[in-house]
Amino acid sequence: MFADAAGFLGESAGEVTDMAAYGYDRLTALDHSFLLLEKDEAYMHVASTMIFEAGGLRTANGGVDAEGIKRFVAAQLHLIPRYRQRLAWVPIENHPVWVDDDRFNLDYHVRHTSLPKPGSEEQLKRLSARIMQQHLDRSRPLWEMWIVEGLEGDRFAMISKVHHCMIDGVSGVDLLKILMRLTPDTSIPEAPRYMPRPTPGGLELLGQEIFRRASLPFETLRDIRRFAREADDARREVSVRFRAIADTLGASMRRASTTPLNRPIGPHRRFDWLTMDLAEIKSMRRALGGTLNDLVLTVVTGAVRRFLELRQVNLDEIDFRVMTPVSVRSDSERGTLGNRVSAWVVALPVSERDPRKQLEQISARTAELKGSKRAVAAEILTQAAEYTPSTLLSLGARNITRLLPFNMVVTNVPGPQIPMYCLGARMQEAYPHVPLLDNLGLGIALMSYDGRLCWGFNADYDLVPDLSAFVTAIQESFDELRWLVRENQVHVEPSPAAIPSESAAEATPARPNGTNGSSQPPSA
């Protein structure tokens, strides 16, 4: 059997010895799909912009100790072996594997830049968008970290990029816990010596792939026996899963309505953000019912409705759906890289004007999806893709964006609810960034952190020139739900709350129609 890359919370690379001379790790079909989906105009890395107090990292001249951060990252890399691995390819099969990079250079991955002092958040958003829209070099480990000094208010930022074939949202949060600390500790441990394992040659890779394919029927039989032992009612469970798979396949064959947000995208991006008080949102959820994610989707519904009305779309004729990733990562898999996600496709009631009815319909729909085991069905289909040759996966990836069954991605990842520090500098906010597929002009990612819900909005530069209007529509939709709670005379702590972005705060609240502060051309 081929070697597993040293599972990223403890084993050193040298401890994995499934092969005597070589070490490598095969990408799953799901991880591989994120490589196949990448195009010149559509990158497939996930990212985030994190804002810190300068704290103990402030230098004598008012800058940031970027070299100290680099030394700290170097000291942690042995906990994340994937960060020192690059892609290699199995001959003929053309399937990717991870191998140790014997030319690893940390200077390429940790970079230092500056805003013109005093740099505003609008300038940081533009810089974030420009950094995010640049593809990662596939000949190197697929990640970058940019340290950005010069931000007003005695702050600095870190912009992180990691290819989606390496992590999903939950493993990204686990990764954050390794690169940050729970206390303002400024000590930097000594970095262990890096000893890359030899890279296997083409014949070794091909031989192991042939062996893997030959063993698949036996692994399938073993999985079936284990399922029969563990299932309380195997026949009923099989029936439920087949029905869920049929429902999932049926839903995926129905293309979503075409909207102004669903057009071919270009290579340039706009990025914006918004912050809300998490305690207030939880209080509103208790008052109105549903889950926190139901409330988020209701806020998105109201914003999409407002935004499409501005674009003069007939909402009665729109079937607007969002894809929401669902983690299927077990407790034993926490701390491992790679993707362990399934997905729901949720129809948003954008033609409904009443926010209470919007929430009721969304809650009913997500409850139905939970009962139907759609997430399990999608995971089964993903596992089945392990049997699919790379050439067929590639053909499927080329055609998937033409028949997308959803209009937007909305992903909500729970983050740590305590302060995190980087060498004594406290992280204030973390704004996540979800990549766009072709024909998806806008994506929304959320992460809760230390009592805040941080929204990140990634949009195609030309399809959504008025991104700030959408951010304002999110704020208005949230305020409408807040008003609904107060109308029902339910107590919710008022919040200086929703802390909008600069561009959102300056827009006209009644009917937003401004442009994003990112009016600078993409090449600027």
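An account of the accompanying structure is given in this report. (Residues numbered from 1 in each chain as written. Predicted model: local features only at pLDDT ≥ 70, side-chain atom pairs only at ≥ 80, totals over all residues. Heavy atoms only, no water.)

Ordered in space as β1-β4-β3, the three strands form an open sheet in which the pairing is antiparallel. The open sheet has two edge strands, β1 (24–26) and β3 (85–89), and neither has a second partner. The mean angle between the axes of side-by-side strands here comes to 30°, regardless of whether they run parallel or antiparallel. Here three bridges tie β1 to strand β4 (residues 96–100), and the two strands are oriented antiparallel to one another. Its bridge partner being in β4, arginine 26 is matched across the sheet by valine 97. (Pairing = 2+ DSSP bridges. Helix = DSSP H or I, 4+ residues; strand = E, 2+ residues; numbered from the N terminus. Axes fitted to C-alpha atoms, helices over the stretch in contact; angles between N-to-C directions.)

To continue, consider the packing of aromatic side chains. Tallied over the full model, the rule gives eight aromatic pairs. Relative to phenylalanine 156, the ring of phenylalanine 52 lies with its centre 5.0 Å away and its plane at 10°, an arrangement referred to as stacked. One end of the pair, phenylalanine 52, is in strand β2 (residues 45–53); the other, phenylalanine 156, is in strand β7 (residues 155–163), with 104 residues separating them in the sequence. Phenylalanine 156 carries the same exposure label as phenylalanine 52, and that label is buried. Ring geometry for phenylalanine 104 against tyrosine 194: centres 6.4 Å apart, planes inclined by 70°, an arrangement best described as edge-to-face. One end of the pair, phenylalanine 104, is in the loop between β4 and α3 (106–109); the other, tyrosine 194, is in the loop between α5 (169–179) and α6 (202–230), and 90 residues separate them in sequence. (Phe/Tyr/Trp six-rings, centres within 6.5 Å; stacked < 30°, edge-to-face > 60°. Buried < 20%, exposed > 50% of the residue type's maximum accessible area, 1.4 Å probe, protein only.)

Enumeration over the complete set of coordinates arrives at 25 salt bridges. A salt bridge links aspartate 107 to lysine 70, with the nearest nitrogen and oxygen atoms 2.8 Å apart. Remark: lysine 70 occurs in helix α2 (residues 66–76) and aspartate 107 occurs in helix α3; sequence separation between them is 37 residues. Here glutamate 368 and arginine 365 are joined by a salt bridge, their closest N and O atoms 3.1 Å apart. On the criterion of helical spacing, the pair formed by glutamate 368 and arginine 365 is a turn pair, its members being three residues apart in helix α10 (residues 355–372). Overall, the relative accessible area of 46% leaves glutamate 368 in the partly exposed class. Overlapping salt bridges bring together Glu67, Lys70 and Asp107 as one network. (Salt bridge = Lys/Arg side-chain N within 4 Å of Asp/Glu carboxyl O.)

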